[in-house]
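# Observations on the three-dimensional arrangement
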Amino acid sequence: MTLVRNPSRFTTLLKRLSQLSVENPFTPLSSATQKSRSFSTSQASSEKSSVRRTRNGIRVTPTIRKMAEEAMLDYFYSTRSLQYMVAESMSKNSPIFIENLLKKVNCVSASDINQSITKHLRFHPVNEFEPFLESSGLKPNEYTHLIPSGEIFLNELLLENHHVLCYCGVDPKKIGKVYEEARGVFGYETGVLASKIKAYEDFGFSRLFLSKLIACSPRILIGDTDMELVEVMEMLRTIGVDSDWVMKNISEEVSYDWGSVLRALTLLRGICNDEDELAGLIKNHPRLMFENSGKWTLVLSGFETKLGSSRRELYSLFLKLPQMQVEKCVSNLRRCFLFLQEIEMEDDEIRKVFRSHSWWIGSCTLKKTSSLLVNLKAYKTRVCNVVKENPEEMKKWTMGSKVDPLPATEVYLDSKAMKTQFLVDLGYEEGSVEMERAGKSFRGRGSELRERFEVLVGFGLDERDVKEMVRASPNILTQASDVLETKVKYLVEELGYPLSTLVAFPSCLKFTLERMKLRFEMFAWLKARGKADPKLAVSTLLACSDKDFARYFVSRHPDGPKHLEDLKRKQLL
């Protein structure tokens, strides 16, 4: 298609441009002079660095920029013979390109700008793709990789298809997205792009609606007609939703996958009883269709379906959804699901919670489980029972809210009393600072602490010695009774250490049984080869780090490292 232009319009344009008033440069408020000297200095430095200048140091004022735009318009329109609309857009809507050009132009005074640019362009042709893509709405970092190598002039097919898009109603400042996502459109032969647009018009799409669709989803112009898009619009028409509603609810800032939108719309139709329900649902919650092309709606539906939600329960959930991003809603539901799993709630109970309360859980972002357990001052079992009795209690446990401890139960009070009595028996004075500190060190219920204490006494240790042991190392009572019993049996019955070893070094019981066996078996191997002192203290063997144990003991024998690895592999079996 031949590009028609009217040279006489150019002269008229220049006259109009010369009559336009120049905007006043920015001047700071008078109150700025009252700022501190340091602030004024930094502000002046910032303003100085932001000033744009030509190659010869002439400040780029609005007047000079306008003169440069006139020179560019003259070059693109008169010299390069580009269509007037394209030339005007490239000259007026490419501020970064013009600033970079002015840095290269050699001019003596501001009045020479027009002539200097004309002279510069005569001997240094610019890459026309840069101002073209910038004027089409792309930034330099977005279009640099889109510029074809070996080309600097816009070709006829590109300009022809650009003209077709503009004629269809697409804003020239938004055509950059088309070039970025569907570059092949600009290589279509004459009539191809127009025929594709005509195909959509034959399905009842208006020019205004098409221009919006192309700006949002340029890929609909690639390949055959997007029948999934057509099917979406036909389904919407049958329920009384027109293209004007679609235009209001789609954004040119994102691109749409109409296949995914169709699947989301089909899902919504399947959970509604009739067309009126479907129309009401999507009009109240357009995000269900258009947020991420409906993909989060499909995820949410799958999540709820796996938890046992029925078709009508899904409809009720979608109808009650808060006015927020569906993605955020899914994230909140998932967070709550993980929380219920972490407090060890049964699967059936989790399903009950979600089937009745998902609509508000989706709007609440729960705190982390570990944080909640600390703030609530309760064990998982207690928290689980609270949620079972009244799931809406979780509304108080959201991010940013102050979480109060759960009210004390009779069981808790009994346990606390037993723990207090246990600490008194150990010799702590009730109500003292020492007892308060000890209460934090001795973790566990009062009955459990007493039971573990009796395990140590049951091995023949004097009760007074055991009291000193647990006061010196409270951690030994944080482990289960059977674990504690196994460790003592290993040290005393298998290895033959006297009970006095435990009294002298009670912390040996806080180490894992695996660590104890590995260290003592390695020690026995070294002792059999004369590489270890038979009288070596238990504390020396167990308390040192793995690195120090390897350095000071294992390395005493050439085969020590290999034997240590063999022992580790044996433990894993």
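Coordinates for the structure precede this section.
Below: a short report on this structure. (Residues numbered from 1 in each chain as written. Predicted model: local features only at pLDDT ≥ 70, side-chain atom pairs only at ≥ 80, totals over all residues. Heavy atoms only, no water.)

### Some details on the overall build of the protein
The helix and strand tally for the protein stands at 33 helices and 0 strands. Across the 573 residues that make up the protein, the buried fraction comes to 42%. Expressed as a percentage of contacts within the protein between residues at least 6 apart in sequence, the contacts between residues at least 24 apart total 73%. Split by element, the accessible area of the protein, about 31,200 Å² in all, is 50% carbon and sulfur. (Helix = DSSP H or I, 4+ residues; strand = E, 2+ residues; numbered from the N terminus. Buried < 20%, exposed > 50% of the residue type's maximum accessible area, 1.4 Å probe, protein only. Contact = heavy atoms within 4.5 Å. Areas by Shrake-Rupley, 256 points an atom, 1.4 Å probe, with all protein chains shown as cover.)

### Digging into the pattern of salt bridges
As enumerated under the stated definition, the model contains 22 salt bridges in all. Note that Lys-198 and Asp-202 form a salt bridge whose closest N and O atoms lie 2.8 Å from each other. On the criterion of helical spacing, the pair formed by Lys-198 and Asp-202 is a turn pair, its members being 4 residues apart in helix H11 (residues 192-202). Exposure remark for Lys-198: the relative accessible area of 44% places this residue in the partly exposed category. For the salt bridge of Glu-277 with Arg-312, the shortest nitrogen-to-oxygen distance reads 3.0 Å. With Glu-277 in helix H16 (residues 275-284) and Arg-312 in helix H19 (residues 311-320), the pair connects residues that are 35 residues apart, well separated along the chain. Assessed through its relative accessible area of 30%, Arg-312 is described here as partly exposed. One network of salt bridges, with partners in common, ties together Lys-174, Lys-212 and Glu-252. (Salt bridge = Lys/Arg side-chain N within 4 Å of Asp/Glu carboxyl O.)

### Thoughts on the packing of aromatic side chains
Counting across every chain of the model gives 16 aromatic pairs. Each ring, one from Phe-339 and one from Trp-397, has its centre 6.2 Å from the other, and the planes form 75 degrees; the classification is edge-to-face. Taken together, the positions of Phe-339 in helix H20 (residues 326-342) and Trp-397 in the loop between helix H23 (380-389) and helix H24 (410-425) put the pair 58 residues apart, joining distant regions of the chain. Each member of the pair, Phe-339 as well as Trp-397, carries the same accessibility label: buried. If you follow Lys-395 out to its NZ or CZ, it ends over the ring of Trp-360, 5.0 Å from the centre. One residue, Arg-519, lies across the ring of Phe-549, its end atom 4.5 Å from the ring centre. (Phe/Tyr/Trp six-rings, centres within 6.5 Å; stacked < 30°, edge-to-face > 60°. Lys NZ or Arg CZ within 6 Å of the ring centre and 35° of its normal.)

### Looking at the nonpolar core
In this structure, Ile-117, Leu-236, Phe-339, Leu-340, Val-383, Met-394 and Trp-397 are the most contacted members of the largest nonpolar core, which totals 118 residues. It is helix H3 (residues 62-79) that provides the largest number of residues to this core, a total of 8 residues. Tyr-490, Leu-509, Leu-518 and Met-522 belong to the second largest nonpolar core, which has 44 residues in total. (Core = buried A, V, L, I, M, F, W, Y, C linked by side-chain atoms within 4.5 Å.)

### Quick word on the packing of helix H13 (residues 227-238) against helix H15 (residues 258-271)
Contact geometry for H13 and H15: axes closest at 8 Å, N-to-C directions at 30 degrees. When the axes of H13 and H15 are compared, the pair comes out roughly parallel. Judged by the twist between their axes, the crossing of H13 over H15 is left-handed. On H15, the residues touching Glu-228, Leu-229, Glu-231, Val-232, Met-235 and Leu-236 of H13 are Trp-258, Gly-259, Val-261, Leu-262, Leu-265, Thr-266 and Arg-269. When the residues that make up the contact of H13 with H15 are grouped by side-chain class, the tally is 8 nonpolar, 2 polar and 3 charged. (Axes fitted to C-alpha atoms, helices over the stretch in contact; angles between N-to-C directions. Parallel < 35°, antiparallel > 145°, perpendicular 65-115°, else oblique. Left-handed = near helix turned anticlockwise from the far one by under 90°. Nonpolar A, V, L, I, M, F, W, Y, C, P; charged D, E, K, R; others polar.)

### Regarding helix H9 (residues 156-168)
If you check H9, its first and last C-alpha atoms are 18 Å apart, about what 13 residues at 1.5 Å a residue would give, namely 18 Å. For H9, every residue scored as buried is listed here: Leu-158, Leu-159, Glu-160, Asn-161, His-162, Val-164, Leu-165, Cys-166 and Cys-168. Those residues of H9 hidden inside the fold are in contact with helix H4 (84-92), helix H7 (129-135), helix H10 (175-181), H11 and helix H12 (207-216). Capping the start of H9 is the job of one residue whose side-chain oxygen sits 3.2 Å from the backbone nitrogen of Leu-157: Asn-155. Once H9 ends, the next one or two residues include Gly-169, with phi positive near 110 degrees. (Expected span 1.5 Å × (residues − 1). Polar contact = N/O pair within 3.5 Å; in protein donor to acceptor, adjacent residues only side chain to side chain.)

### A look at the side chain of Thr-297
Relative to the assigned elements, Thr-297 resides in helix H18 (residues 295-306). Residue Thr-297 is classed as buried on the basis of its relative accessible area of 0%. Not counting residues up to four positions away in its chain, the partners in contact with Thr-297 are Leu-267, Leu-268, Arg-287, Leu-288, Phe-318 and Val-326.

### Overview of a negative patch on the surface
Together, Glu-228, Glu-231, Glu-234 and Asp-257 give the surface a local cluster of negative charge. Accessibility expressed as a relative area gives 39% for Glu-234, which makes it partly exposed. (Patch = residues over 30% accessible without salt bridge, like charges linked within 9 Å, V, L, I, M, F, W, Y side chains within 5 Å. Lys, Arg positive; Asp, Glu negative; His and termini not counted. Charge placed at Lys NZ, Arg CZ, Asp CG, Glu CD.)

### Brief notes about helix H5 (residues 95-104)
Here H5 has its buried residues at Phe-97, Ile-98, Glu-99, Leu-101 and Leu-102. Considering only its buried residues, H5 is in contact with H3, H4, helix H6 (113-123) and H7.

### Quick notes on unusual backbone geometry
Phi is positive for Ser-81, which is not a glycine, with a value near 60 degrees. With respect to the helices and strands, Ser-81 occurs in the loop between H3 and H4. The exposure class assigned to Ser-81 is partly exposed, which follows from its relative accessible area of 36%. If you check the backbone angles, Ser-293 has positive phi at about 60 degrees while not being a glycine. If you trace the backbone, Ser-293 turns up in the loop between helix H17 (287-290) and H18. Judged by relative accessible area, which is 4%, Ser-293 ranks as buried.

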